[in-house]
Amino acid sequence: QVQLVESGGGLVETGGSLTLFCEASGIMLDMFRMGWYRQAPGKEREMVATITPGDIVDIAESVKGRFTISRDNRKKMTTLQMNTLRPEDTGIYYCNAFRGAIESTRRDFWGQGTQVTVSS
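Residues numbered from 1 in each chain as written. Predicted model: local features only at pLDDT ≥ 70, side-chain atom pairs only at ≥ 80, totals over all residues. Heavy atoms only, no water.

1. Section: the sheet that holds strand E8 (residues 77–82)
Ordered by their spatial adjacency, four strands build an open sheet running E1-E3-E8-E7, and the pairing between neighbours is antiparallel. The outermost strands of the open sheet, each flanked by one partner alone, are strand E1 (3–7) and strand E7 (67–72). The mean angle between the axes of side-by-side strands here comes to 15°, regardless of whether they run parallel or antiparallel. Where E1 lies against strand E3 (residues 18–25), five bridges are found, and the strand directions are antiparallel. Its bridge partner being in E3, Val5 is matched across the sheet by Glu23. (Pairing = 2+ DSSP bridges. Helix = DSSP H or I, 4+ residues; strand = E, 2+ residues; numbered from the N terminus. Axes fitted to C-alpha atoms, helices over the stretch in contact; angles between N-to-C directions.)

Take a look at the structure:
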């Protein structure tokens, strides 16, 4: 049973900070690229940040310099440190675990999401 559980969301004022946590179970985390995605009301899901098992990071331009993604394979935790939050950062944030080097064995897991609301 693979499970990704997000936590750390909440309500914060513009300019504030939040740290999101993704706790994984049922997978070997070092086999997966981990990531955070978000979906604002009425909009499509978008990538926020990803980090490979080799610690290669991809950060969305809209959050570059404000958000930091990190992972701890031993603790099966993936974190997203969000600073200088803006109202446009509001949305449901989802944790993702992806393995796609071989198409026939591709795996793609998602958590249930955690709400982040940035007030203006």
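2. A word on the environment of Thr68
Structurally, the position occupied by Thr68 is in strand E7. The class for Thr68 is partly exposed, based on a relative accessible area of 46%. Along the sequence, Thr68 and Val57 sit 11 residues apart, while their C-alpha atoms lie 9.1 Å from each other. Apart from the residues within four sequence positions on either side, Thr68 is in contact with Thr79, Leu80 and Gln81. (Buried < 20%, exposed > 50% of the residue type's maximum accessible area, 1.4 Å probe, protein only. Contact = heavy atoms within 4.5 Å.)

3. Overview of the pattern of salt bridges
In a structure, side chains of opposite charge can pair up when their charged atoms sit close to one another. Per the stated rule, a full pass over the model turns up six salt bridges. The partner of Lys75 in a salt bridge is Asp72, and the shortest N-O contact between them spans 3.8 Å. Using a relative accessible area of 28% as the deciding quantity, one classes Asp72 as partly exposed. Among the salt bridges present, the one from Arg106 reaches Asp108, with a minimum N-O distance of 3.6 Å. Look at the salt bridges and you will find they share partners, linking Arg38, Glu46, Arg66 and Asp89 into a network. (Salt bridge = Lys/Arg side-chain N within 4 Å of Asp/Glu carboxyl O.)

4. Notes on the pairing of strand E11 (residues 114–119)
What you see with E11 is a clean split: Thr114, Val116 and Val118 sit on the buried side and Gln115, Thr117 and Ser119 on the side with no burial. By the bridge criterion, four bridges tie strand E2 (residues 10–13) to E11 in an arrangement that is parallel. Within E11, the residue paired with Leu11 across the bridge is Thr117. Sheet analysis places strand E9 (residues 91–99) next to E11, joined by three bridges and oriented antiparallel. Its bridge partner being in E11, Tyr93 is matched across the sheet by Thr114.

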